Structures are given as C-alpha cells and as structure tokens.
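Notes for the structure review
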Amino acid sequence: MGESMQGLHRTHRCTEVSGRNVGETVTVMGWVQKRRNLGSLIFIDLRDRSGLLQIVFDEDSVGAEGFAKAATLRNEYVIAAVGTVQKRSAAVNENLKTGDIEVLAQSLRILSESETPPFPIEENSQTKDELRLKYRFLDLRRPDLQRNIQMKSRVTSLIRSFMEKEGFLEIETPILQKSTPEGARDYLVPSRVHPGKFYALPQSPQLFKQLLMCSGYDRYIQIARCFRDEDLRADRQPEFTQVDMELSFVDVDDVIDVNERMLQYVFREAVGADITLPLPRMPWQEAMDRFGSDKPDTRFGMELTDVSDLAAGCGFGVFTAALADSGSVRGINVSGQAKMPRKKIDKLVEFAKGCGAKGLAYLAVNEDGSYKSSFAKFMKEEELQALTARMQAQPGDLLLFAADQNKIVWNVLGALRLEMGRQLGLIDENRYDFLWITEFPLLEWSEEENRYMAMHHPFTMPMEEDWGKIDTAPGEVRAKAYDIVLNGTELGGGSVRIHRNDIQEKMFEVLGFTKEKAWENFGFLLRAFQYGVPPHAGLAYGLDRMVMHMVHADSIRDVIAFPKVKDASDLMSDAPDTVDMQQLEELGIALRPDAQ
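The structure reproduced in this document is the subject of the present report. (Residues numbered from 1 in each chain as written. Predicted model: local features only at pLDDT ≥ 70, side-chain atom pairs only at ≥ 80, totals over all residues. Heavy atoms only, no water.)

Now for the overall build of the protein chain. Summing up its helical and strand segments, the protein chain has 16 helices and 22 strands in all. Projecting the C-alpha coordinates of the protein chain onto the three principal axes gives extents of approximately 95 × 75 × 55 Å. Classification of the 596 residues of the protein chain by burial places 49% in the buried group. Sequence-distant contacts, at least 24 apart, represent 68% of the contacts inside the protein chain between residues at least 6 apart. (Helix = DSSP H or I, 4+ residues; strand = E, 2+ residues; numbered from the N terminus. Buried < 20%, exposed > 50% of the residue type's maximum accessible area, 1.4 Å probe, protein only. Contact = heavy atoms within 4.5 Å.)

Attention shifts here to the environment of Ile-427. Its location among the elements puts Ile-427 in the loop between α12 (406-423) and β17 (434-438). With residues near it in sequence (within four places) discarded, Ile-427 still touches Asp-297, Arg-299, Phe-300, Gly-421 and Arg-422.

Attention shifts here to helix α15 (residues 543-550). An α-helical segment advances 3.6 residues per turn. Residues three or four places apart therefore align on the same side. The element α15 is extensively covered by neighbouring structure, given that 8 of its 8 residues are classed as buried. Within α15, burial applies to Leu-543, Asp-544, Arg-545, Met-546, Val-547, Met-548, His-549 and Met-550. Looking one or two places after α15, you find His-552, whose phi comes out positive at around 55°.

Look at the link from Leu-277 to Pro-278: it is a cis peptide, with omega at 0°. Looking at the element boundaries, Pro-278 is found in the loop between α6 (252-271) and β11 (281-283). Of the consecutive residues Ala-575 and Pro-576, the connecting peptide bond is found in the cis state with omega at -5°. One can find Pro-576 in the loop between α15 and α16 (581-587). For Gln-392, which is not glycine, the phi dihedral falls at a positive 55°. As for its position among the elements, Gln-392 is in the loop between α11 (381-390) and β16 (398-404). One non-glycine residue, Asn-487, lies in the positive phi region at around 50°. Relative to the elements of secondary structure, Asn-487 occurs in the loop between β20 (481-486) and β21 (489-496).

Next up, the structure:
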C-alpha cells in the first residue's frame, strides 16, 4: 500500500541538490536504488531521472516510527523524503554528482511499494534484450537509457529553436494518407466508412510538404512520425521519427548551407563537438570507387583500388571472367597483416561470400618480398609487381581482391573494409566525420521489376547537364540529390524537386507510368503543379539515428522509448495482436484460414 502525497511538494530533483543547499530543508522523491542498514544508521541511494542522491536516516532525526519504516525499504520502492542537506559524514564519492553531500531525513513517506524487479536497474545492463524489452518500463529506468531519451528531447528542442530562427514554420501533415507506389511497403489502415478502401500510414510527408511549397509556406519543418513495413536492422524501426524539411526558391547549396549550420549548432550545444564548416562533399561515383559505399566511414583509410586494367591480360580465370562480363577487379590493402593465419583468411572469404561474392583472392607480401597467395601462380612476376605497386603494398601487407559486377565488388569490399577496420581497431569512436554525398544516379535498374526505378523518388530533379541522356543512357543521368553521412551511417537525404511539368511527365514515362497511372497515384500533386509551383528542395533526417551516434549507442532501440524487435513486434504490449471479429466485420474484412 502507498501513502498519500498530500501536503508534500517536491523542491528538487536528486542532482539539483548541491553544496549550495547545505543547511536547507528539501523535499525529494524517487526510487530506491540501494539500501544499506548499519544498525544505527540507514543509507538510501535515491534515484530519479537526474541521478542519485544519498538519504541518511537515524532515529534521532526521523523518529522511531520513521526509522522502522526506512528499514522496510526495498529496491524500486517509490518514496518521498524531507530532510536537511549536509556535507557527507563519510568519504566523498567522486563518481557521483552529489557525492559530497547527503540529506539527513526528518520524515519519510512510502508512496508505492515494488515487487522484486526481474533484472537489476543498472547502467550497461547485461540482461538479455528480450527480457529488458518485455519489461521496457523498468528498462527505461536505467540511467544510461534515461540519458539517451533526455538527449533526444534536447536535440529535438535545439533543432526546433535553430530552424525557427531561420524562418521555418512547423506544420503538421496527415498521418492517414493515400497509398502511393515506389519506395518501401506501406502500412495500410482499413476505412470503416469507405468499405474496401484503405489509408496508408506515411513513409514520409513527401507529397504534402511539396504541396506546402505550392501553397507559399516557403520554409517548412516537421518532427514527423513515419512508418515503413520493411525488414529491420540495428538502425531501422517500423516506426521512427524524421526531421523533415522543405524550402522554396533554393538550389543544392542553399539546402546544404542551412543544414550544415544547424548540425554545427546542435552538435556543439548537445555534445560539445566542434564541427568545422563547410563539410566535405563527395560525388556518389567517387564514394563507390574509393569506399565501396554511398555512406562511407571516412574515419580510417584502407580505400578500394581498381586494378581491372592490370588484371585484364593475366592468366587468373576468376579475374578475366569478371572483366569479360563487364565487371571489375578491385582490392584493399590491409596494412601489416601479411602474417594473418590461413584460418582467419578463410573466415574473411566466408564473410565475403555472405556479402554476395563468389570468393575472395588474397596476396600476402612477405617481409622478404616473396608472396603467399591464392592466385600468384597464375600471374607473371612483372604482373604481380605492377599489382602490388598499384596497391601501394609494402612488405608485411595483405591484399584482398574481389572480382565480379561492380555492384557486388563494391558491396563486398565496402563491407570487408569496415569489418577489418573494426577488427584492427582503426576506427576512432570519439570522432564525428560528416560528409555530403552528391550527384547520385537518378535511376537504378531493378532486375525484379525489369525497369528503371527512382533511386530516391520520382520527384527528384536531374542535373541539367545530364538531362539530354534520359532517352539514350538513362542510367548515366545524375540527380540533384544529396545525403548527409556521419561515421558510415546515412543520417538523412534529400534532393531538389522537379517543378516543371515536362520533366515530371518524362520522369514518369521513364519509370513506366502511363499518364493515367501517374494521375491516379499522384493526381493531387500534379494538379497543384498546374497552378504555379516554385523551385523547391528538401531533406529529411532520421532523428533516432542522429541521437544514436551522439550517445554512441549500438542500436537505434537505445534511443527510442518503446521500440519494436526484428519481426516488428512489441514484446511489452504484445502488438500486433488479434482483434475482435466484430471489428473486422465492421471493416468488411475476412481473414484467410491460415491467418486466423
């Protein structure tokens, strides 16, 4: 049973009490972190979202009844204590913000009792994720998670503050929208009053923010909830928070400028990081050729090297077959690892196969200049010398090569580079390396659909100098698109939008849309475009991803209060779940036997 709070008013959070309050009477409330009973004295570590504060009970100050009550306290009991702040009677705890003071209790109320928690409420919990997520309301009491959630609130506030000063208006867009093709799979919501019809939850506010530009709201921002029914990874969730923006009468440089200054401000104020502007920019093609990734981690080297020309005439069939099939041969230099055991190299081969490679070729340059290799016997001495010179190999280096279609080679070596960077401790976890990736391909070929798909979305403006290739070489047309990358993670992306009807209609045609189909799916946007549309551009960040990097969390789940697991379910609330058959009947929905 709990006691009433009547007549009590909390004066301070735990760590708001300091040496400046010595001699004052304070009222503090929170959860019991730990109790130590020394017989004549009882010490309680009281915890709230701000941190810990030591409360001392002795019979003289709190009375016999209060002292007996203090002796019954257990972990996670919720209490209110009134007392006097004093310097610590025992040794100062340098690790605590309140380590030099304590509160000598004069009265105690037990506001709520607690069962024994299924796991300790402590930082860096070793408890299995499944159990922590089932009891997420307890997990969220952990100080490290509370700091993460508070950081996210702080970052959101900083973004809003900065963007308001830059003339942005915060405007809400609908959650219940029309389902449109292109992009990830929609979450659908059946309509009761329109039987057989469905809303879609927004994957992003894209179309509505473009409409706002048509309506004259020339700088829009929204901290938007977005939903995507896709397979999850460490940095993905089915529902997530997006910092969404759109600007009128701008081009690429204008969008990049305001966002660089916003990032500099937010990271300085939130985590004290000093970000130098302007941030570096790298065209997509260069990023792929150098790092095998359009979100490269630039905190370490080990860049890819193209050796296709040197491999063209060699006797190694794996190389020549890839080149004959319009592929490439590329490698990375793992400096100083020539003595890597064969077992470890075999593991790297398996890793490469898991990334889509048929295999992985290696060449170790021994200290005496000789070679240990999976393919050296197929190449002449001068070919090997040219190869090692191109790779800038020194005695003691290990060279790893992939040969296949460019897309596979980039994927394999890009992933292998990151894996070696992690294994060899080459990544400085305390650095924030920002980078803009620009000039993305406008289109990418889908084998599954047997047609070109928009790499970003169908409203992305092509670069003017490439537009002439749209019919003859659509795959070579670059987009006015840009991604902001941090430490190998895409934080956000955006583009200049198409505001001309002729370009938009041609874009739909290239994507395989008939005029009728385009109007059926995007009619409300195209109709607006007939009434004077300004040039406009935008960008959206994953807020959760940004904060994940700020707090150096391993997973996006560590910065989301109530996350889902990999199958998109919530272990705490058991969502998704079945619903009453009457609800389904009202919606005109019948379930297949295998779905019941």
